[in-house]
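Survey of secondary and tertiary structure
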Amino acid sequence: QQQVKQSPQSLIVQKGGISIINCAYENTAFDYFPWYQQFPGKGPALLIAIRPDVSEKKEGRFTISFNKSAKQFSLHIMDSQPGDSATYFCAAISGYSTLTFGKGTMLLVSP
Amino acid sequence: SAVISQKPSRDICQRGTSLTIQCQVDSQVTMMFWYRQQPGQSLTLIATANQGSEATYESGFVIDKFPISRPNLTFSTLTVSNMSPEDSSIYLCSVIGAPGNTEAFFGQGTRLTVV
């Protein structure tokens, strides 16, 4: 049973556009929602994270929007750049348990 | 954030042999984990490495196949035993630093190919 559903599986965005990746979860005990960015041949790197007591968090061009009632959260990449081309994973965790990952979104930003 | 060194970065191994992957962290961490990531796929947790005691394995993973050690708060090893081509994957070490901290960091991974 997949507890975090991520979409789309792949995404092509033109340079300067907005990339949007969505995730939905089922377990209401989740209390921390990180996003990871992974380049080929590298390990995942923590990009940005949010807790359910806020509806939005912004760091530079990256924004997480969180809808607790809908049990959904999304990553927005503003002014997308070719260097943002990577695979993005959403994840969720409750307390001191382990991370549950979405299946990933492969983003390609075309020049 | 913790700096994680994982060795080897890649290896090609013969079926039936074993490979031990090392994970060294530059600071003491609360929790250490081992993940497997098959090409183009998400991350699957193999086990939580517990200091001074047996690792906690996830469903589908067993100690005889993936023995794990964690002798101290900065070091862990994962052994992939009696390898078959199906074990070809990327193996990743992950850590959570301080008690109460939920930020998890990953090593660069070990790309294993079994021939």
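See the structure shown above.
One structure accompanies this document, and this report is about it. (Residues numbered from 1 in each chain as written. Chains lettered and ligands numbered in written order. Predicted model: local features only at pLDDT ≥ 70, side-chain atom pairs only at ≥ 80, totals over all residues. Heavy atoms only, no water.)

**Some points on the sheet that holds strand β1 (residues 4-7) of chain A**
Residue and element names in this part refer to chain A. The sheet built from five strands is open, its strands ordered β1-β3-β8-β7-β6 with antiparallel pairing. In the strand order of this sheet, the two ends are held by β1 and β6 (56-59), each with one partner. Strand-to-strand, the axes of this sheet are offset by a mean angle of 15°, without reference to chain direction. Relative to strand β8 (residues 72-77), strand β7 (residues 62-67) runs antiparallel, the two being bridged by six bridges. Its bridge partner being in β8, Phe66 is matched across the sheet by Phe73. (Pairing = 2+ DSSP bridges. Helix = DSSP H or I, 4+ residues; strand = E, 2+ residues; numbered from the N terminus. Axes fitted to C-alpha atoms, helices over the stretch in contact; angles between N-to-C directions.)

**Concerning the pattern of salt bridges**
Pairing between side chains of opposite charge can happen when the charged atoms of each approach one another. Residue and element names in this part refer to chain A. Under the counting rule described, the total for this entry stands at three salt bridges over all chains. With a closest N to O distance of 3.7 Å, Lys57 and Glu59 form a salt bridge. Among the residues examined, Lys57 registers a relative accessible area of 32% and is labelled partly exposed. Residue Asp84 is joined to Arg61 by a salt bridge in which the shortest nitrogen-to-oxygen separation is 2.8 Å. With Asp84 in the loop between β8 and β9 (86-92) and Arg61 in the loop between β6 and β7, this pair connects stretches of sequence that are 23 residues apart. Owing to a relative accessible area of 5%, Asp84 belongs among the buried residues under this scheme. (Salt bridge = Lys/Arg side-chain N within 4 Å of Asp/Glu carboxyl O. Buried < 20%, exposed > 50% of the residue type's maximum accessible area, 1.4 Å probe, protein only.)

**Topic: the sheet that holds strand β3 (residues 19-25) of chain B**
Residue and element names in this part refer to chain B. Pairing is antiparallel in the open sheet, where four strands are placed in the order β1-β3-β8-β7. A single partner strand is all that each edge strand has here, and the edge strands are β1 (4-7) and β7 (68-72). Here the average twist between neighbouring strands, direction ignored, is 15°. The sheet contact formed by β7 and strand β8 (residues 75-80) spans three bridges and is antiparallel.

**Description of the packing of aromatic side chains**
Per the counting criterion, the structure on display carries 17 aromatic pairs over all chains. The interplanar angle of 55° and the centroid separation of 5.4 Å between the aromatic rings of Tyr35 of chain B and Phe106 of chain B together place this pair among those described as tilted. Separated by 71 residues along the polypeptide, Tyr35 of chain B in strand β4 (residues 31-37) and Phe106 of chain B in strand β10 (residues 104-106) bring together distant segments of the chain. Comparing Tyr35 of chain B with Phe106 of chain B shows no difference in burial state: the two are buried. Joined through ring pairs, the aromatic side chains of Tyr25, Phe30, Phe33, Trp35, Phe66 and Phe73 of chain A make up one cluster. (Phe/Tyr/Trp six-rings, centres within 6.5 Å; stacked < 30°, edge-to-face > 60°.)

**What to know about the state of the cysteines**
Under the defined criterion, the tally for this structure stands at two disulfides over all chains. Between the sulfur atoms of Cys23 of chain A and its disulfide partner Cys90 of chain A the distance amounts to 1.9 Å. One quick way to see it: the torsion about the S-S bond of Cys23 of chain A and Cys90 of chain A is about -95°, and its sign makes the bridge left-handed. Taken together, the residues Cys23 of chain A in strand β3 (residues 19-25) and Cys90 of chain A in strand β9 connect sequence positions 67 residues apart. Across the pair, exposure class does not vary: Cys23 of chain A and Cys90 of chain A are buried alike. At a sulfur-sulfur separation of 1.9 Å, the disulfide partner of Cys23 of chain B is Cys93 of chain B. Because the torsion about its S-S bond is -65°, the bridge between Cys23 of chain B and Cys93 of chain B counts as left-handed. On the criterion of sequence distance, the pair formed by Cys23 of chain B in strand β3 and Cys93 of chain B in strand β9 (residues 89-96) is long-range, its members being 70 residues apart. Its relative accessible area of 0% is what places Cys93 of chain B among the buried residues. Between Cys13 of chain B, a free cysteine, and Cys23 of chain B, which holds the nearest cysteine sulfur, the sulfur-to-sulfur gap is 18 Å. (Disulfide = S-S within 2.5 Å.)

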